[in-house]
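Fold and contact review
Chain residues, written in single-letter form:
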Amino acid sequence: MIYFDNSATTAIHPLALDAYVKTSQKIIGNPSSLHDLGSQASRLLLQARKQIAGLLAVAPHEIWFTSGGTEGDNWVLKGTALAKKAYGNHIIISAVEHPAVSETAAQLATLGFDVDIAPVDHQGFVDVSALAKLIRKETILVSVMAVNNEVGMIQPIAAIGDLLQGYPKIHFHVDAVQAITKVPQDLWLTDRVDFATFSAHKFHGPRGIGFIFWREGRKLAPLLTGGGQEENHRSGTENVPAIVAMAKALRLSIEKKAQRPEHVATLKAYLMEELAKFDKVTIYSGVANFAPHILCFGLKGIRGEVMVHALEEKQIFISTTSACSSRSKTESSTLHAMKIPEAYATTAVRVSLDESNTMAEVEQFLIIFKQLYQKFSKIN
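First, a word on scope: everything that follows refers to the structure included in this document. Just so you know, these numbers come straight off a predicted model, no measurement behind them.

It is worth spelling out helix α9 (residues 304–312) at this point. Structural remark: α-helix, 3.6 residues per turn; residues separated by three or four positions point the same way. Looking at α9, one finds that the buried residues are G304, E305, M307, V308, A310 and L311. Against β10 (294–299), β11 (316–317), β12 (348–352) and α12 (359–379) lie the buried residues of α9.

With that out of the way, let us pick up the packing of α9 against α12. The geometry of α9 relative to α12 is characterised by a closest axis approach of 11 Å and an angle of 125° between their N-to-C directions. As the angle between them shows, α9 and α12 are arranged oblique. Classified by chirality, the crossing of α12 by α9 is right-handed. Residues V306, M307, A310 and L311 of α9 touch α12, and the partners they reach there are F365, I368, F369, L372 and F376. A breakdown of the residues in the contact of α9 with α12 according to their chemical character gives 9 nonpolar, no polar and no charged.

Further remarks concern the sheet that holds β12. With antiparallel pairing, 3 strands are arranged side by side in an open sheet as β9-β10-β12. Whereas interior strands pair on both sides, the edge strands pair on one side only; in this sheet they are β9 (281–283) and β12. Strand-to-strand twist of the sheet, defined as the mean angle between neighbouring strand axes without regard to direction, takes the value 30°. Both β9 and β10 contribute to a ladder of 3 bridges, which runs antiparallel. In the strand pairing of β10, I283 is matched with F297. Along the sheet, helix α8 (residues 263–275) contacts β9, β10 and β12; its crossing angle with β10, the most-contacted strand, is approximately 15°. Sheet contacts for α12: β9, β10 and β12; angle to β10, the most-contacted strand, approximately 20°.

This part covers the nonpolar core. L131, V142, F172, W188, F198, F211 and L335 are the most contacted members of the largest nonpolar core, which has 68 residues in total. In terms of residue count, the dominant contributor to this core is helix α7 (residues 240–259) (9 residues). By size, the runner-up hydrophobic cluster in this structure holds 30 residues, among which are F4, V308, I318 and I368.

Conventions adopted
Residues numbered from 1 in each chain as written. Predicted model: local features only at pLDDT ≥ 70, side-chain atom pairs only at ≥ 80, totals over all residues. Heavy atoms only, no water. Buried < 20%, exposed > 50% of the residue type's maximum accessible area, 1.4 Å probe, protein only. Helix = DSSP H or I, 4+ residues; strand = E, 2+ residues; numbered from the N terminus. Contact = heavy atoms within 4.5 Å. Axes fitted to C-alpha atoms, helices over the stretch in contact; angles between N-to-C directions. Parallel < 35°, antiparallel > 145°, perpendicular 65-115°, else oblique. Left-handed = near helix turned anticlockwise from the far one by under 90°. Nonpolar A, V, L, I, M, F, W, Y, C, P; charged D, E, K, R; others polar. Pairing = 2+ DSSP bridges. Core = buried A, V, L, I, M, F, W, Y, C linked by side-chain atoms within 4.5 Å.

Everything listed here is a matter of coordinates, which is why it stays silent on function.
If you want it as structure tokens, here you go:
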């Protein structure tokens, strides 16, 4: 099996899984309980929070646990809307956001909030000057993802942050789910970023757990209320085993990246070079200012889902653009924003690589792809 769908989810690291199992077995207390078993769980929770904060070089009280990226995005957008509605009702997002942001913004629009979409250029990069023109006195939030999950652009977070220095009351949110452990932190967690969202299963942690970075001094209303966990910011009994495993997975992923910093980029560059030799292949991802692990391309005349299933028959696993919306069989929202014609956009597939992938796997992928290319050419 060759697994090239790491942007959808990564395999949990064996040591992270071991941490999850051992914590589940040995730490049975609820962190909110007053007895010693609860205190044990609470101490582990604090330890994991400190470890994650240390890895990101932020304060422990700026890390808050969630169920993953979708909850994090919902929390920041809706929490900002609730906390700052007395000051304004205007929100700006980019045209290439993950549905967790774009659909949440659309929901807020039905509740009386005014949402503007910042356009992107033909490569998918946010037009910072166009975004600047959208800002007005009622603007309370700007949300732009760090790395696009479909095509892999690294958005100009620093430039947007520089722009927002002149608007200190506007919250700046970055969906960093596809960025953490993949691209340098200074590209997505600048001093002007107020909130960032993360999901453990994108860096070999368990599914269903994540965290947000919440810069000290910013206001955010809770999305989940009830038991008062996370200092009343995010109610719900903390998933201590998953949080411990997430902290370990993050450390291990950062260490592995440091050991072979150019490995994934080398695989992608070679794959792009070889795919470009096929006349009917269109490559949508680039190299400069693109994440090293995401490669989006299409084969003319062949819908993306057809290519996905053809490769699956050979035990090679990729996806159509975003795994979260791939079953809808619609064109990529990112490619649509880039003004790629529908006939081409519906052919798009995404290869997403990881440190565990090898050049031998890339070579095998290319052998199988060549066979499919010839087969599809005959059919056409």
